[in-house]
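Next come the chains, spelled out residue by residue.
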Amino acid sequence: SIFSSLYNLTTLLLANNRIEKLEEVSFRKLKKLRILNLSSNKISFLEKSMFYGLENLKRLEISRNHLEFKENTDSPFFHLKKLEHLLLNDNPIKYLPKNLFSGLENLKILNLHSISIERIEQYSFNGLKSLKKIYLDLQTSDHNLKFIDENAFKHLKYLEPQLIEKVFNLKV
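Residues numbered from 1 in each chain as written. Predicted model: local features only at pLDDT ≥ 70, side-chain atom pairs only at ≥ 80, totals over all residues. Heavy atoms only, no water.

### Quick word on the overall build of the protein chain
So, step 1. Counting its regular elements, the protein chain contains one helix and eight strands.
So, step 2. Seen in sequence order, the protein chain has helices and strands lined up from the N terminus as β-β-β-β-β-β-β-β-α.
So, step 3. Within the protein chain, the proportion of its 172 residues that are buried is 44%.
So, step 4. Only carbon and sulfur atoms are counted for the fraction: they give 46% of the accessible area of the protein chain, which is about 9300 Å². (Helix = DSSP H or I, 4+ residues; strand = E, 2+ residues; numbered from the N terminus. Buried < 20%, exposed > 50% of the residue type's maximum accessible area, 1.4 Å probe, protein only. Areas by Shrake-Rupley, 256 points an atom, 1.4 Å probe, with all protein chains shown as cover.)

Take a look at the structure:
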């Protein structure tokens, strides 16, 4: 891996580099990495083991890419047990597979602002036990949302209920 000799690195900023694809275990030797910014590239797919080895990562930014998830996508985030901030905003994400966020027990902030989401299923946010804030802009006239399961946000016990009611017009 290109980063294998940078084992003491704590911040890696790779934004605006026209990156289209990364090796499946590109970051496996970066055990001390806390911040990874892959924003404003051309990444369209995340391999299952993409973030393997980043056990201390706290912030991951993959905003403004070409990212999409298919129905049976395995979670590329599963190994990120300490992740607190995940920014996926400004991507053409239409679908959130049911276990996409599994393993993210410590995630506190999820930014999905300006994505093309069409459906929010009951288990779309499965695994987000500590989530406090979620950014979705579903009240704009150009959103593609066609369906929100009435139980989609029920298990997010730390998410502010008034926020859900206000933004999503749901009762929790």
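### A word on the side chain of Asn 37
So, step 1. The residue Asn 37 is located in strand 2 (residues 35–37) in this model.
So, step 2. Side chain to side chain, Asn 37 and Glu 61 meet in a polar contact 3.2 Å long.
So, step 3. Not counting residues up to four positions away in its chain, the partners in contact with Asn 37 are Leu 12, Leu 13, Leu 14, Ala 15 and Glu 61. (Polar contact = N/O pair within 3.5 Å; in protein donor to acceptor, adjacent residues only side chain to side chain. Contact = heavy atoms within 4.5 Å.)

### Observations concerning the pattern of salt bridges
So, step 1. Tallying each qualifying case throughout the model produces four salt bridges.
So, step 2. The residue Glu 55 makes a salt bridge to Lys 31 at a minimum N-O spacing of 3.9 Å. Residue Glu 55 is located in the loop between strand 2 and strand 3 (59–61), and its partner Lys 31 is located in the loop between strand 1 (11–13) and strand 2; the two are separated by 24 residues in the primary sequence.
So, step 3. For Glu 55, a relative accessible area of 37% puts it in the partly exposed group.
So, step 4. The exposure class assigned to Lys 31 is partly exposed, which follows from its relative accessible area of 36%.
So, step 5. Here Arg 119 and Glu 121 are joined by a salt bridge, their closest N and O atoms 2.6 Å apart.
So, step 6. Note on Glu 121: relative accessible area 24%, which makes it partly exposed. (Salt bridge = Lys/Arg side-chain N within 4 Å of Asp/Glu carboxyl O.)

### What about the sheet that holds strand 5 (residues 109–111)?
Strands pair in a sheet through their backbones, by hydrogen bonds, and they do so in one of two ways: parallel or antiparallel.
So, step 1. Strand order in the open sheet formed by six strands is 1-2-3-4-5-7, and the pairing between neighbours is parallel. Edge positions in the sheet fall to strand 1 and strand 7 (133–135), since each of these pairs with one other strand and no more. Direction aside, neighbouring strands of the sheet carry axes that sit 5 degrees apart on average.
So, step 2. Where strand 4 (residues 85–87) and strand 5 come together, three bridges link them in parallel fashion. (Pairing = 2+ DSSP bridges. Axes fitted to C-alpha atoms, helices over the stretch in contact; angles between N-to-C directions.)

### As for the packing of aromatic side chains
So, step 1. Under the defined criterion, the tally for this structure stands at seven aromatic pairs.
So, step 2. Residues Phe 51 and Phe 77 carry aromatic rings whose centres are separated by 6.1 Å and whose planes lie at 10 degrees to one another, so their mutual orientation is stacked. Taken together, the positions of Phe 51 in the loop between strand 2 and strand 3 and Phe 77 in the loop between strand 3 and strand 4 put the pair 26 residues apart, joining distant regions of the chain. Across the pair, exposure class does not vary: Phe 51 and Phe 77 are buried alike.
So, step 3. Ring geometry for Phe 69 and Phe 77: centres 6.5 Å apart, planes at 70 degrees, overall edge-to-face. As far as the burial class goes, Phe 69 and Phe 77 line up, both buried. (Phe/Tyr/Trp six-rings, centres within 6.5 Å; stacked < 30°, edge-to-face > 60°.)

### What to know about the nonpolar core
A general trend in soluble globular proteins is that nonpolar side chains are found buried together.
So, step 1. Of all hydrophobic cores here, the largest spans 46 residues; its most connected members are Phe 27, Phe 51, Phe 77, Phe 101, Leu 110 and Phe 125.
So, step 2. Not counting the four nearest positions on each side in its chain, Phe 125 is found in contact with Leu 96, Phe 101, Leu 110, Leu 112, Ile 120, Ile 134, Leu 136, Ala 152, Phe 153, His 155 and Leu 156. (Core = buried A, V, L, I, M, F, W, Y, C linked by side-chain atoms within 4.5 Å.)

### What to know about the environment of Leu 36
So, step 1. You can see Leu 36 is positioned in strand 2.
So, step 2. Taking the relative accessible area as the measure of exposure, Leu 36 reaches 0% and is therefore buried.
So, step 3. Spatially, the C-alpha atoms of Leu 36 and Arg 59 are 6.4 Å apart, while their sequence positions differ by 23 residues.
So, step 4. Not counting residues up to four positions away in its chain, the partners in contact with Leu 36 are Leu 12, Phe 27, Phe 51, Leu 54, Leu 57, Arg 59, Leu 60 and Glu 61.

### Quick word on the environment of Leu 131
So, step 1. Looking at the secondary structure, you find Leu 131 in the loop between strand 6 (119–120) and strand 7.
So, step 2. Once the C-alpha coordinates of Leu 131 and Lys 108 are considered, the two residues, 23 residues apart in sequence, prove to be 4.1 Å apart.
So, step 3. With sequence-adjacent residues up to four places away left out, Leu 131 is seen in contact with Leu 107, Lys 108, Ile 109, Leu 110, Leu 156, Tyr 158 and Leu 159.

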